[in-house]
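# Structure at a glance
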Amino acid sequence: MAQPNHDPTAAAGDVLGAYLRSQATAFLRGLRQYGPSAASGADTAESGVAARTLRGAARRISGSLATFRVVTESSWADGLRTELVWLSSTLADEHAYAARLARLMDALHRLSGSPVLPAPRGADGALTVGSARAGALLDRRLTLARTRAHSATLQALGSSRFHAVADAVAVLASEVPLDAVAARGRVGEVLVPLAAAAETRLSAAVSTLPPVGGCEAAPSPYDADQDGPWHEVRRLLRVHRYAQEVLGEDVTRPAAAGEALDRHRDAAEAAAAATSAARTPRIAPATAYALGVLHADQRHEVEAARADFQRLWLREPTAAARR
């Protein structure tokens, strides 16, 4: 693995501590901006940025505590990591439902060639006729899910569990509980091997991914059972990227590959939402047809995102392969 931009002879605890303190500060900044908007139900660009800052900091702290656990007080790290994963997941749900609805509406618009508005009587084409009803059905279902997620977010923000997490991160912003022995080790001897282990786990997961289309052995893009390994690679890639950030490495490539896997996740979940809506009892055939076309469109987006990831990630050997 390439040497980090940090001095490899620096103390591991100093480097990891500085990174964790910076992310704790970002978490608290995002919380100050996000809290009032979440409580008021405001849906603004500022609240969206604050939510992303908050979730991003929570993920970076929890991911770094997982990778570099032995450098910290392990029992403290395990507890905080669990709580940050809970918080990040809770805060992500409301945004996810809103983004999914927007994605599906945009796709319906594109596929039908007209805005998702009530179609006039006698309109030609089953897709055009069904798209309006499909859009209305998806809007009802996903808006309800988003409303429930918003309520869950408010409940979480007002809970003693959340306040305990916020207090713990506030302490982290000034003091990082470190293992007295491991923290004194050098970056090159402690942090670099731990980051390399995270990269090795990622490389192993990538090597077992099912093939992408264009190969006879490739699974059908409609096979949602194949999504799981890709989601796991997305998680491991994120952990790897955060480890690289701790070391001061360039994360341009893993970030770009991660964006492709984000698109993969979004398209897979949108396709699942279309399928779920199509199971609604007593819907009109034109509506079911439009939802089926929408599902197929999103599964093709899944396949395109997989190809993009492999192009971005496999265009040059990983550090683990170069060793």
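This one's a predicted model, so the numbers in the text were calculated from it and none came from an experiment.

The helix and strand tally for the protein stands at 10 helices and 0 strands. Scanning the protein from its N terminus toward the C terminus, one meets helices and strands in the order α-α-α-α-α-α-α-α-α-α. Here the protein, with 323 residues, has 45% of them falling under the buried criterion. Counting contacts in the protein only where the partners sit at least 6 residues apart, residues at least 24 apart contribute 81% of the total.

This next bit is on the nonpolar core. F27, I61, V169 and L191 are the most contacted members of the largest nonpolar core, which totals 43 residues. Counting residues per element, the ones that place at least two in this core are helix 1 (12-40), helix 2 (45-67), helix 3 (74-112), helix 5 (160-172), helix 6 (187-207) and helix 7 (227-247). Per-element tally for this core: the top contributor is helix 1, with 11 residues. Apart from residues lying up to four places away in sequence, F27 is in contact with L54, A57, A58, L84, L87 and V169.

Running from N to C, helix 3 and helix 9 (residues 285-313) point in directions that differ by 110°, and their axes come no closer than 10 Å. Here helix 3 lies roughly perpendicular to helix 9, going by the angle between them. Here R103, L104, A107, L108, R110 and L111 of helix 3 lie close against helix 9, whose contacting residues are A290, V293, L294, D297, Q298 and E301. Along the lines of polarity and charge, the residues of the contact of helix 3 with helix 9 split into 7 nonpolar, 1 polar and 4 charged.

Looking now at the packing of helix 6 against helix 7. Two elements in contact, helix 6 and helix 7, have axes whose closest approach is 9 Å; the angle formed by their N-to-C orientations is 160°. When the interaxial angle is binned, helix 6 and helix 7 end up roughly antiparallel. For helix 6 against helix 7, the interelement crossing comes out left-handed. Within the contact between the two elements, helix 6 uses V187, L191, V192, A195, A198, E199, R201, L202, A205 and V206 and helix 7 uses V233, L236, L237, V239, H240, A243, Q244, V246 and L247. For the contact of helix 6 with helix 7, the residue count by class is 15 nonpolar, 2 polar and 2 charged.

Moving on, we come to unusual backbone geometry. You will see that R282, though not glycine, has its phi angle at about 65°, which is positive. Examined against the element boundaries, R282 turns out to sit in the loop between helix 8 (252-278) and helix 9.

This next bit is on helix 3. Along an α-helix, residues three or four positions apart point the same way, because every turn accommodates 3.6 residues. Between its first and last C-alpha, helix 3 extends 54 Å over 39 residues, near the 57 Å set by a 1.5 Å rise per residue. At D93, helix 3 shows its maximal bend, which comes to roughly 30°. Backbone geometry just after helix 3 places G113 at a positive phi near 75°.

What follows covers helix 5. Taking 1.5 Å as the rise per residue, helix 5 with 13 residues should run 18 Å; its terminal C-alpha atoms sit 18 Å apart, in good agreement. Every buried residue of helix 5 is accounted for by F162, V165, A166, V169 and L172. Each buried residue of helix 5 sits inside an arc of 115° when the element is viewed along its axis, so together they form one side. Opposite its buried face, helix 5 presents the exposed residues S160 and D167, each directed more than 90 degrees away.

Mapped onto the elements, E232 comes out in helix 7. Counting along the chain gives 23 residues from E232 to L209, while the straight-line C-alpha distance between them is 9.9 Å.

To continue, consider the environment of P177. Here P177 shows up in the loop between helix 5 and helix 6. For P177 and G13, which are 164 residues apart along the polypeptide, the C-alpha to C-alpha distance reads 9.4 Å.

Now for the confidence of the model for the protein. Of the residues in the protein, 85% have a pLDDT of 70 or more, and the chain-wide mean is 88. For residues 115-124, every residue scores under 50 in pLDDT, and the model assigns this stretch 13 contacts once sequence neighbours within four places are set aside. Confidence drops under a pLDDT of 50 for residues 318-323, and excluding neighbours within four residues, the segment shows 14 contacts in the predicted structure.

Two side chains carrying opposite charge are able to pair once their charged atoms lie near each other. A full pass over the atoms with the stated rule returns 16 salt bridges. A salt bridge links R146 to E94; the shortest N-O distance between them is 4.0 Å. A residue pair is termed long-range when its members are at least 10 positions apart, and R146 in helix 4 (residues 126-157) and E94 in helix 3 qualify at 52 residues. Take R146: its relative accessible area is 25%, and that puts it in the partly exposed class. Between R100 and E269 there is a salt bridge, with its nearest N and O atoms 2.7 Å apart. Note that R100 is positioned in helix 3 and E269 in helix 8, a separation of 169 residues in sequence.

Rules behind the numbers
Residues numbered from 1 in each chain as written. Predicted model: local features only at pLDDT ≥ 70, side-chain atom pairs only at ≥ 80, totals over all residues. Heavy atoms only, no water. Helix = DSSP H or I, 4+ residues; strand = E, 2+ residues; numbered from the N terminus. Buried < 20%, exposed > 50% of the residue type's maximum accessible area, 1.4 Å probe, protein only. Contact = heavy atoms within 4.5 Å. Core = buried A, V, L, I, M, F, W, Y, C linked by side-chain atoms within 4.5 Å. Axes fitted to C-alpha atoms, helices over the stretch in contact; angles between N-to-C directions. Parallel < 35°, antiparallel > 145°, perpendicular 65-115°, else oblique. Nonpolar A, V, L, I, M, F, W, Y, C, P; charged D, E, K, R; others polar. Left-handed = near helix turned anticlockwise from the far one by under 90°. Expected span 1.5 Å × (residues − 1). Bend = angle between axes of the 7 residues up to and from the residue. Arc of directions from axis to C-beta. pLDDT = per-residue confidence, 0-100. Salt bridge = Lys/Arg side-chain N within 4 Å of Asp/Glu carboxyl O.

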